[in-house]
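What follows is each chain in one-letter form.
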Amino acid sequence: MIRARGIPAFREALAAAKNVDKTVVIHVEVDRYVSVPSYDSWWDVPVAATSEAAGVRDARTSYDKAKQKQRRYL
């Protein structure tokens, strides 16, 4: 695991991670109460589209059904 504080440290961590031949975690601490200015919406992070786990496949099916009912916020 590589810890990074701030954008310059994150860039260095990302460059270092690219030189490792296995999975690398870059840990970046954030303040959950600090928001992005003028960003009054949320991100849609979907369930994995493919998986060998039945629970994940079921969750994706539910996600796809719910996505069809979703209304756009303008």
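The numbering scheme is per chain: residues are counted from 1 as the chain's sequence reads. Local features in a predicted model are, by the rule used here, given only for residues with pLDDT of at least 70; side-chain atom pairs are given and counted only at 80 or more, and totals for whole chains, interfaces and linings are based on all residues. The side-chain quantities take in all heavy atoms of the structure and omit both hydrogens and water.

1. Looking at a nonpolar patch on the surface
Part 1 of the reasoning: A cluster of nonpolar residues, Phe-10, Leu-14, Val-28 and Val-30, forms a patch on the protein surface that exposes about 340 Å² of accessible area.
Part 2 of the reasoning: Relative to the assigned elements, Val-30 resides in the loop between β2 (26–28) and α2 (54–69). Any residue with relative accessible area above 30% and no salt bridge may belong to a patch, with like charges joined within 9 Å and the nonpolar Val, Leu, Ile, Met, Phe, Trp and Tyr side chains within 5 Å. Where accessible areas are quoted, they stem from the Shrake-Rupley method and a 1.4 Å probe; at the residue level, only the protein chains shown are allowed to cover. Any Lys or Arg side-chain nitrogen located within 4 Å of an Asp or Glu carboxyl oxygen qualifies as a salt bridge. Only runs of H or I of at least four residues qualify as helices and only runs of E of at least two qualify as strands under DSSP, and these elements are numbered from the N terminus.

2. A few points about the environment of Ala-9
Part 1 of the reasoning: Within the secondary structure layout, Ala-9 lies in helix α1 (residues 7–17).
Part 2 of the reasoning: Working definition: with a 1.4 Å probe on protein chains only, accessible area under 20% of the residue-type maximum means buried, over 50% means exposed, and in between means partly exposed. Classification of Ala-9 as partly exposed rests on a relative accessible area of 25%.
Part 3 of the reasoning: Each C-alpha atom of the pair Ala-9 and Val-28 lies 9.4 Å from the other, and the pair is 19 residues apart in sequence.

3. Topic: the pattern of salt bridges
Part 1 of the reasoning: One pass over the full model with this rule turns up three salt bridges.
Part 2 of the reasoning: Between Lys-67 and Asp-44 there is a salt bridge; the shortest N-O distance is 2.6 Å. Taken together, the residues span a long stretch of sequence, with Lys-67 in helix α2 and Asp-44 in the loop between β2 and α2 at a distance of 23 residues.
Part 3 of the reasoning: Overall, the relative accessible area of 35% leaves Lys-67 in the partly exposed class.

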